[in-house]
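# A look at the structure
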Amino acid sequence: MSPKIPFLRPSPAPLSQAIDQLREIEDSGVYSNFGPKNSELEQRLLDGFFAGRGHCATACNATIALMLALKAVTEDSQPQRRYALMPSFTFAATAHAALWAGLTPIFCDIEPDTWLPCARSETEILERHGKEVAVIVPYATFGAALDLDRYAALAERFDTPVVVDAAASLGTIDQAGNGFGTGFPFPVVFSMHVTKTFASTEAAVVYADDAGLVARLQTMSNFGFGEARHATMAGLNGKLSEVAALAALLRIDGFNQIVERRRELHERYRERLSGFAFQRPTARRQAHQFVPVLTPEGADPEAISAALTAAGIGHSAYFRPHLAGQSYFQKTCVALPTPATDEVSARALALPLYDSMTEDEIDAICDVLDVFG
Ligand SMILES: Cc1ncc(COP(=O)(O)O)c(C=O)c1O
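The following paragraphs examine the structure supplied in this document. Since we're looking at a predicted model, the values are computed, not measured.

A separate point is the pairing of strand β2 (residues 83-87). By the criterion of burial, β2 is predominantly enclosed, with five of the five residues buried. Because side chains alternate across β2, one face comprises the buried residues Tyr83, Leu85 and Pro87, and the other comprises Ala84 and Met86, equally buried. Considered for its hand, the β-α-β crossover made up of β2, helix α4 (residues 92-100) and strand β3 (residues 104-108) is right-handed. With three bridges connecting them, β2 and strand β4 (residues 133-136) associate as parallel partners. Bridged to alanine 84 within β4 is valine 135.

Rendered as structure tokens:
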């Protein structure tokens, strides 16, 4: 039986109501390979999210975009630089992408309140293994904003590039009032997967304030064809189809209201669930994909999950197990002690959020949770 309240209810813009634009694609005869919808999307994302400053390249999804970005920034690094420094508290895609780019993930801890990569843990690893680290890969956890000035300083100090996994952060506004990532010279990778706040079908965008780097990423996403049918660099097929670009374009209008509505719904959870811990905000406005909380200390997350299931309420446990607890990554990555990650992961509970959600639905969820906190 499907839950009465689902965990997520993806609602991309309906392609069935965009028949004219679909016909335009058919009439143009261009279905992929950087067609007009793709170019329009890149420009509108740049203008809408980064105030027109810097450069955007789309990709078919953020996993491929991360692979491309990691390869691009590390391919000239010395052979002993083999590590990709990332938090263990992230999605499998971050580590997979590094492994596909020929790197070995080395996991740092997170801050116990923001759940962002821990500055002390990152610095300690860089001080100990700096000459072996090829790239720093912070994750902007659940759509939060990272302190990108700190990463620019780390890049300079340790002579190491950065690739930001900002999978859920499209729509997030940083403390200075800019779209998260604006002005950063290294790649910042955003997902537009249908489960993200910016829901399309499958799509991603890489942003960087570096024209040469973004142009290179685009060429890499087209088999590395720097010349006609001639691979001049590493490549794969990471291009976005015109139909997928259209689905993303259609999400842009009205997106701001969607982020605002989700912010209100998130706030209602926060007001109701005083016994549960919420992520400490780091953005002026965070795009909320779902509502991650920590179950109250001493409460049994499995009992809470069972109560939600019994009430027909969908939920999840991002990220349990965290990467260091997943068998493939145990064989392929380097895991150092991560006490804060262990604690946050053990208590992690992700609660429902979707555009059409009502306050009554949140109240029904909170009524079930009230007895635990
Ligand atoms: C942290 C993180 N990185 C990368 C990805 C990969 O994104 P995509 O589904 O667009 O490949 C996700 C997807 O959920 C994610 O959560």
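Before going further, it helps to spend a moment on the nonpolar core. The biggest cluster of nonpolar side chains holds 47 residues, and the ones touching the most others in it are Leu45 and Phe180. Val73, Phe107, Val137 and Val189 belong to the second largest nonpolar core, which has 39 residues in total.

On to the site of the ligand. Surrounding the ligand, one finds 14 residues, the nearest of these being Ala62, Thr63, Asp165, Ser191 and Lys196. At 2.6 Å from an oxygen atom of the ligand is found a side-chain nitrogen or oxygen belonging to threonine 63. In this structure, serine 191 approaches the ligand through a side-chain N or O atom, which is 2.8 Å from an oxygen atom. Across the complex, the protein chains shield 89% of the 390 Å² of accessible surface that the ligand would expose by itself. Those elements that provide at least two residues to the shell around the ligand are α3 (62-74) and α4. When residues in the shell around the ligand are grouped by element, the largest group, three residues, is from α3. Its residues placed into classes, the shell around the ligand shows six nonpolar, six polar and two charged.

Moving on, we get to the sheet that holds strand β5 (residues 164-165). Pairing is mixed across the open sheet formed by four strands, whose spatial order is β1-β7-β6-β5. Each having just a single partner strand, β1 (55-59) and β5 make up the two edges of the open sheet. Alignment of β5 against strand β6 (residues 188-191), held across two bridges, turns out to be parallel. From the neighbouring strand, valine 164 faces β6, where its bridge partner is valine 188.

With that settled, the discussion passes to the pairing of strand β11 (residues 291-294). Both faces of β11 are covered, namely the face carrying Val291 and Val293 and the face carrying Pro292 and Leu294. Judged from the two bridges that link them, strand β10 (residues 277-278) and β11 form a sheet pairing that is antiparallel. Bridge pairing in β11 places alanine 277 opposite leucine 294. Examined bridge by bridge, β11 and strand β13 (residues 348-351) share four bridges and lie antiparallel to one another. Each bridged residue has a counterpart across the sheet, and for valine 293 the counterpart in β13 is leucine 349.

So, about the pattern of salt bridges. Two side chains with opposite charge may pair up if their charged atoms get near one another. In this structure the tally under the stated criterion is 21 salt bridges. A salt bridge links arginine 23 to aspartate 20, with the nearest nitrogen and oxygen atoms 4.0 Å apart. Here aspartate 20 and arginine 23 lie together in helix α1 (residues 19-28), a separation of three residues that amounts to about one turn. Overall, arginine 23 belongs to the partly exposed group, its relative accessible area being 45%. Arginine 347 serves as the salt-bridge partner of glutamate 343, at 3.0 Å between the closest nitrogen and oxygen. You can call arginine 347 buried: its relative accessible area is 15%. It is possible to trace a salt-bridge network through shared partners that takes in Arg268, Arg272, Asp363, Asp367 and Asp370.

Each value, and the rule that gives it
- Within each chain, residues carry numbers counting from 1 in the order of the written sequence.
- Where totals are concerned, whole chains, interfaces and linings use all residues; where local detail is concerned, this predicted model gives features only for residues with pLDDT of at least 70, and gives and counts side-chain atom pairs only at 80 or more.
- No hydrogens and no water enter the side-chain calculation; it runs on all heavy atoms of the structure.
- A 1.4 Å probe rolled over the protein chains alone gives each residue an accessible area, and that area as a share of the maximum for its type sets the label: buried under 20%, exposed over 50%, partly exposed in between.
- In DSSP terms, a helix is any run of H or I states spanning at least four residues, a strand is any run of E spanning at least two, and both are numbered starting from the N terminus.
- With strands facing away from the observer, any crossover in which the path from the first strand over the helix to the second runs clockwise is taken as right-handed.
- Strand pairing is defined by DSSP finding a minimum of two bridges between the two strands.
- The set of buried Ala, Val, Leu, Ile, Met, Phe, Trp, Tyr and Cys residues whose side-chain atoms join them within 4.5 Å is what this entry labels a nonpolar core.
- Note on definitions. A residue lies near a molecule or strand when any single heavy atom of the residue is within 4 Å of it.
- We call two N or O atoms a polar contact when they sit within 3.5 Å, provided that within protein one can donate a hydrogen and the other can accept it, with sequence-adjacent residues counted only if both atoms are side-chain atoms.
- The protein chains shown are the only cover counted for residues, whose accessible areas, like all others here, come from Shrake-Rupley with a 1.4 Å probe.
- Each residue is assigned to one class: nonpolar for Ala, Val, Leu, Ile, Met, Phe, Trp, Tyr, Cys and Pro, charged for Asp, Glu, Lys and Arg, and polar for all the others, Gly among them.
- Salt bridges are defined as contacts in which a side-chain nitrogen from Lys or Arg sits within 4 Å of a carboxyl oxygen from Asp or Glu.

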